[in-house]
Amino acid sequence: MAVQLTFPVCDQGGRTLDGELRSLVSTWSIQTGAATHADTSAAITGRHFVDWGGRPLTISERRRVEAYFRGVLRRRIIAGRDADAREARSLMVARSIEEDLVLGGWERAQATRQAYATAGIVLSA
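Residues numbered from 1 in each chain as written. Predicted model: local features only at pLDDT ≥ 70, side-chain atom pairs only at ≥ 80, totals over all residues. Heavy atoms only, no water.

Trainee: Please clarify how the pattern of salt bridges should be interpreted in this entry.
Mentor: Taken as a whole and judged by the stated rule, the model has six salt bridges. Its salt-bridge partner being Arg108, residue Glu98 comes within 3.3 Å of it at the nearest N-O pair. Separated by 10 residues along the polypeptide, Glu98 in helix 4 (residues 83–103) and Arg108 in helix 5 (residues 108–118) bring together distant segments of the chain. What you see here is one network of salt bridges that share partners, running through Arg15, Glu20 and Arg62. (Salt bridge = Lys/Arg side-chain N within 4 Å of Asp/Glu carboxyl O. Helix = DSSP H or I, 4+ residues; strand = E, 2+ residues; numbered from the N terminus.)

Okay, structure coming up:
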């Protein structure tokens with residue numbers, strides 16, 4: 001009996017809702033520093049798109065899930081009174097100022113220092 005060598009089949013079907021939400025939580029917990037809010041946002045998003053569970057999502061569906069998740073997370077951070085939300089809010093402000101300065105012609109490093117100082121965030125060396 002001969003065995004044919006093959007490459008493993010890659011899953012081209014895309015992520016399921018659960019996989020997409022895990023990826024979003026991982027990314028945005030790091031980006032915002034607000035892991036608890038990212039987890040809660042994923043749970044809310046999962047309930048909203050519950051009918052999509054268990055099957056691979058299309059690119060369009062993944063974009064919708066991400067947009068919904070980011071909207072929920074943004075609202076939670078803006079309205080939150082806890083320390084994580086306050087810190088994430090300051091970070092959002094700093095990054096927005098930084099992008100505005102870069103678009104206005106500032107060098108990235110200078111824009112970062114100015115934006116973070118304006119938002120009251122101390123940059124580590």
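Trainee: Can you help me understand the nonpolar core in this one?
Mentor: Burial of nonpolar side chains together is a common tendency in soluble globular proteins. Leu17, Leu21, Leu24, Val65 and Phe69 are the most contacted members of the largest nonpolar core, which totals 16 residues. Among the secondary structure elements, those contributing two or more residues to this core are helix 1 (17–32), helix 2 (35–48) and helix 3 (59–79). Contact partners of Phe69, with chain neighbours within four places excluded, come to Leu24, Val25, Trp28, Ala38, Ser41, Ala42 and Thr45. If you look at the next biggest cluster of nonpolar residues, it comprises five residues, including Ala94, Ala115, Tyr116 and Ala119. (Core = buried A, V, L, I, M, F, W, Y, C linked by side-chain atoms within 4.5 Å. Buried < 20%, exposed > 50% of the residue type's maximum accessible area, 1.4 Å probe, protein only. Contact = heavy atoms within 4.5 Å.)

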